[in-house]
Amino acid sequence: MNKNEAELPEASRSAQAQKTSVSPAVIKRLPRYFRYLRELIREGKMRISSGELSKMMNITASQIRQDLNCFGGFGQQGYGYNVKYLYAKISDILGVNCNFKSVIVGAGNLGRALVRNPMFTKRGVSTIAMFDIDPAVIGCTFSGVTVRSMDTLEKFCEENGVDIAVLTLPKNCAESVTKRLVSAGVHGIWNFTGIELDTSENVKVVNVHLGDSLMTLCYELNAMNAIDGDDDDNNDNGGSARDDYGIADDTSDKNKNEQETDEDEDEDEDENERIKR
């Protein structure tokens, strides 16, 4: 840190650090810090070391220090981290105190489930409207949020300064609706439609594919079952012997059959001799 940086107040240094390039991996871990620190506050924990936090989060203490140093550090050697202070700083970094406004486009099952979820308010995001084209749901209210006609989408977003649009509509409508939202000044898209959306640099898009995490779990289960199956094969001493390629070795059975055939032939020859006599 140079002299000019040292003279800056801590908040300014943190803001400068946030503007520097931060890896996507670090950004993805920030919500985890937020969740764990919130839980510590609920438990009344006032101070925590990077070692203690690493055990909770299952990442190394050095990784935690590196992550937090991207934004100013926030810890004191020999003391650790003040839980409330660190929670407040990470909340600022994540924009929890920015009072972002959101709308949900698509009032179907997924849209209704999301509007009922408390995760928005817990993260400082207020959902102020839902939109749909179905006359049967327009005018209905879910968790205090009214469903409006898609015809009023642009006007509502412009007049209310909407920051985030949550897309839970059919995928074939996603691109056209996104263009409408961007033209209305919306800069954040949380996309649940199942297709990849790509917009300008001034608009941030997070594409959510719920099936991806399910398939990851299926892969892990499949791999685990495969390992268990190999162990069962290795431990199975019954049945036919197998060679190195898992192919049944029937040599012993073949020899046994040949021996029985030879014995039968010998018995037939003895019987023929008795008949001749």
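These remarks concern the structure in this document. (Residues numbered from 1 in each chain as written. Predicted model: local features only at pLDDT ≥ 70, side-chain atom pairs only at ≥ 80, totals over all residues. Heavy atoms only, no water.)

When helices and strands are tallied, the chain shows 12 helices and 11 strands. When the 277 residues of the chain are sorted by exposure, 29% land in the buried category. A fraction of 55% describes how many contacts in the chain between residues 6 or more apart in sequence connect residues 24 or more apart. A total of about 18300 Å² of accessible surface is found on the chain, and carbon and sulfur atoms cover 48% of it. (Helix = DSSP H or I, 4+ residues; strand = E, 2+ residues; numbered from the N terminus. Buried < 20%, exposed > 50% of the residue type's maximum accessible area, 1.4 Å probe, protein only. Contact = heavy atoms within 4.5 Å. Areas by Shrake-Rupley, 256 points an atom, 1.4 Å probe, with all protein chains shown as cover.)

Sheet architecture is open: seven strands sit in the order 5-6-4-3-7-8-9, paired in mixed fashion. Only two strands of the sheet have a single neighbouring strand rather than two, namely strand 5 (141-142) and strand 9 (204-207). Here strand 3 (residues 100-105) runs beside strand 4 (residues 125-132); their pairing, made up of six bridges, is parallel. In the strand pairing of strand 4, Ser 102 is matched with Thr 127. Its contacts with the sheet place helix 10 (residues 174-183) against strand 3, strand 7 (164-167) and strand 8 (188-191), and it is angled at close to 170 degrees to strand 7. (Pairing = 2+ DSSP bridges. Axes fitted to C-alpha atoms, helices over the stretch in contact; angles between N-to-C directions.)

All told, the structure shown has five aromatic pairs when counted by the stated rule. Centroid distance Phe 120 to Trp 190: 6.0 Å. Interplanar angle 70 degrees. Geometry classified as edge-to-face. Of this pair, Phe 120 sits in helix 8 (residues 119-122) while Trp 190 sits in strand 8, placing them 70 residues apart in sequence. Looking at Phe 120, the relative accessible area reads 7%, which means it is buried. (Phe/Tyr/Trp six-rings, centres within 6.5 Å; stacked < 30°, edge-to-face > 60°.)

Our focus in this paragraph is the nonpolar core. With 22 residues, the main nonpolar core has Tyr 33 and Leu 37 as its most contacted residues. Mapped by element, the contributors of at least two residues to this core are helix 3 (24-42), helix 4 (50-57), helix 5 (61-69) and helix 6 (83-93). Of the residues forming this core, the biggest block, six residues, is contributed by helix 3. Among all residues touching Leu 37, those that are not within four sequence positions of it are Val 83, Leu 86, Tyr 87 and Ile 90. Within the second largest apolar cluster, 20 residues are counted, among which are Phe 131, Met 150, Leu 169 and Ala 174. (Core = buried A, V, L, I, M, F, W, Y, C linked by side-chain atoms within 4.5 Å.)

Attention now moves to the pattern of salt bridges. Scanning all chains against the criterion turns up four salt bridges. A salt bridge links Glu 39 to Arg 42; the shortest N-O distance between them is 3.5 Å. With Glu 39 and Arg 42 both in helix 3, this residue pair falls three residues apart, about one helical turn. Here Arg 42 falls in the exposed class, since its relative accessible area comes to 55%. Residue Lys 45 is joined to Glu 52 by a salt bridge in which the shortest nitrogen-to-oxygen separation is 3.8 Å. The exposure class assigned to Lys 45 is partly exposed, which follows from its relative accessible area of 32%. Owing to a relative accessible area of 37%, Glu 52 belongs among the partly exposed residues under this scheme. (Salt bridge = Lys/Arg side-chain N within 4 Å of Asp/Glu carboxyl O.)

As paired elements, strand 3 and strand 7 share four bridges and run parallel to each other. Residue pairing for strand 7: Ser 102 is matched across the bridge by Ile 164. Bridge analysis of strand 7 against strand 8 gives four bridges, and the strand direction is parallel. Within strand 8, the residue paired with Ile 164 across the bridge is Gly 188. In this region the chain leaves strand 7, passes through helix 10 and returns to the parallel neighbour strand 8; the handedness of that crossover is right-handed. (Right-handed = clockwise from strand over helix to strand, strands pointing away.)

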